[in-house]
Amino acid sequence: MSTPIVLSTLCALAFLGLFFSLALHSRRRAAALVDQDAPFEAMGSDRESFTDYYRPMTRILDPREFDHARCLSGVGASHFARFRKTRITAFRSYLNEMRLDFNRIEFKMRYLMLAASKEEAQLVVSLNQIKSSFQLQLLRVEFQLILFRFGWAAVDIEPLVQMLEQLEGALIRRPAASAASA
């Protein structure tokens, strides 16, 4: 055999060995988390509740608040434009954090599913559907935000907040359900 073929074979075998050892380690770690009956907070969440954290997003770009701010005495056009721009920046920051939190929850769910039974493995399909739906809603909100900058549309963030709440609820219930069935 030639040297390139031998090197390619050895690299492929090393890669497969590394892949299987990482998969085994991940599965053992997920099983340990499920066996510990670890609460959601112990799994690295830095928020008490996504509901409480993201609810203000529904009011940041509320047209009624903009109308109220515009009517305040002493607020000129330049002050209002700066206020509006600041609100849009804050909303964008919230949106980026929401994307990161969703990815964090999705990662935790997939990690826990490594130790799942065959019946629970069906959750992967629903998780994939939730992810694609979340991404679609996120694109919709991004488009609405672009239109909002020009004053052409309102931004409806409620569906994204609700999806994040549902996923959070599934993650909170998941370890307790698995520990009860063990």
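Cut-off values and rules
- Every chain begins its residue count from 1, and numbering advances along the sequence as written.
- With pLDDT at 70 or above as the cut-off, local features in this predicted model cover only qualifying residues; side-chain atom pairs require 80 or more to be listed or tallied, and sums for whole chains, interfaces and linings still use all residues.
- Computation of side-chain values: all heavy atoms of the structure, hydrogens and water removed.
- Secondary structure elements are taken from DSSP: a helix is a run of H or I of four residues or more, a strand is a run of E of two residues or more, and numbering for both begins at the N terminus.
- Working definition: with a 1.4 Å probe on protein chains only, accessible area under 20% of the residue-type maximum means buried, over 50% means exposed, and in between means partly exposed.
- Here, residues are in contact when the closest pair of their heavy atoms is within 4.5 Å.
- Note on areas: Shrake-Rupley with a 1.4 Å probe; residue coverage comes only from the protein chains shown.
- Any two of the Phe, Tyr and Trp rings considered here, Trp counted by its six-membered ring, make a pair once their centres fall within 6.5 Å; the pair's planes then place it as stacked at under 30 degrees, edge-to-face at over 60, or tilted in between.
- Two conditions define a charge located above a ring, namely a distance within 6 Å from the ring centre to NZ of Lys or CZ of Arg, and an angle within 35 degrees of the ring normal.
- In this analysis, axes come from line fits to C-alpha atoms, helices being fitted only over the stretch in contact, and the angle between any two N-to-C directions falls in the range 0 to 180 degrees.
- Put simply, angles under 35 degrees are roughly parallel, angles over 145 are roughly antiparallel, angles from 65 to 115 are roughly perpendicular, and the rest are oblique.
- When the near helix sits turned anticlockwise from the far one by under a right angle, the crossing is termed left-handed; a clockwise turn instead gives a right-handed crossing.
- Nonpolar residues are Ala, Val, Leu, Ile, Met, Phe, Trp, Tyr, Cys and Pro. Charged residues are Asp, Glu, Lys and Arg, and all others, Gly as well, are polar.
- For the purpose of charge, His is not counted, nor are the chain termini; Lys and Arg are scored as positive and Asp and Glu as negative.
- A pairing counts as a salt bridge when a side-chain nitrogen of Lys or Arg comes within 4 Å of a carboxyl oxygen of Asp or Glu.
- Here a polar contact means two N or O atoms within 3.5 Å. Within protein one must be a hydrogen donor candidate and the other an acceptor candidate, and residues neighboring in sequence count only if both atoms are side-chain atoms.
- In predicted models, pLDDT denotes the confidence assigned by the predictor to each residue on a 0 to 100 scale.

Participant: Help me get a handle on the overall build of the protein chain, residues and values and all.
Facilitator: Counting secondary structure elements, the protein chain contains seven helices and zero strands. Taken from N to C terminus, the helices and strands of the protein chain fall in the order α-α-α-α-α-α-α. Looking at the 182 residues of the protein chain, the share that counts as buried comes to 31%. In the protein chain, of all internal contacts separated by at least 6 residues, the share reaching a separation of at least 24 is 77%. Carbon and sulfur atoms make up 63% of the accessible area of the protein chain, which amounts to about 11500 Å² in all.

Participant: Hey, could you go over the packing of aromatic side chains for me, with residue numbers and the actual values?
Facilitator: Two measures describe an aromatic ring pair: the distance that separates the ring centres and the angle between the ring planes. Under the counting rule described, the total for this entry stands at ten aromatic pairs. Each ring, one from Phe 66 and one from Phe 148, has its centre 5.7 Å from the other, and the planes form 45°; the classification is tilted. With Phe 66 in helix 4 (residues 63-71) and Phe 148 in helix 6 (residues 123-149), the pair connects residues that are 82 residues apart, well separated along the chain. Of the two residues examined, Phe 66 and Phe 148, each falls in the buried class. Ring geometry for Phe 80 against Phe 83: centres 6.3 Å apart, planes inclined by 40°, an arrangement best described as tilted. With Phe 80 and Phe 83 both in helix 5 (residues 77-113) and three residues apart, this pair spans about one turn of that helix. An aromatic cluster is present here, built from Phe 66, Phe 80, Phe 83 and Phe 148 joined pairwise through their rings. Sitting over the face of the ring of Phe 66, Arg 84 holds its NZ or CZ atom 5.8 Å from the ring centroid. Directly above the ring of Phe 148 sits Arg 84, whose terminal nitrogen or CZ lies 4.5 Å from the centroid.

Participant: Help me get a handle on the packing of helix 4 against helix 5, residues and values and all.
Facilitator: Two numbers describe how helix 4 lies on helix 5: the axes approach to 10 Å, and their chain directions differ by 155°. Between helix 4 and helix 5, the angle falls in the class roughly antiparallel. As for the relative orientation of helix 4 and helix 5, their crossing is right-handed in sense. Along the contact surface, helix 4 presents Glu 65, Phe 66, Ala 69 and Arg 70, while helix 5 presents Phe 80, Phe 83, Arg 84 and Arg 87. Of the residues assigned to the contact of helix 4 with helix 5, the class counts are four nonpolar, no polar and four charged.

Participant: Lay out the side chain of Arg 84 in plain terms, naming residues and giving numbers.
Facilitator: Looking at the element boundaries, Arg 84 is found in helix 5. Salt bridges are absent for the buried Arg 84, whose nearest opposite-charge side chain, Asp 67, sits at 8.8 Å. In this structure the side chain of Arg 84 is engaged in a polar contact, spanning 2.7 Å, whose partner is the backbone oxygen of Phe 148.

Participant: Describe in detail the confidence of the model for the protein chain, supporting the description with residues and values.
Facilitator: Across the protein chain, pLDDT averages 79, with 81% of residues at or above 70. Contacts of residues 37-44 to residues separated by more than four positions or lying in other chains number 17 contacts, the stretch itself having pLDDT below 50. Predicted confidence is poor over residues 175-182, with pLDDT under 50, and the contacts of this stretch with residues over four places away or in other chains come to nine contacts.

Participant: Before we move on, could you go through the pattern of salt bridges and cite the residues and values that matter?
Facilitator: The final tally for this structure, using the stated rule, is ten salt bridges. The closest approach of N and O atoms between Glu 165 and Arg 55, which form a salt bridge, is 2.7 Å. In this pair, Glu 165 sits in helix 7 (residues 158-181) while Arg 55 sits in the loop between helix 2 (50-54) and helix 3 (57-60), placing the two residues 110 residues apart along the sequence. What makes Arg 55 partly exposed here is its relative accessible area of 25%. The partner of Glu 65 in a salt bridge is Arg 87, and the shortest N-O contact between them spans 3.1 Å. One end of the pair, Glu 65, is in helix 4; the other, Arg 87, is in helix 5, and 22 residues separate them in sequence. Overlapping salt bridges bring together Arg 55, Glu 158 and Glu 165 as one network.

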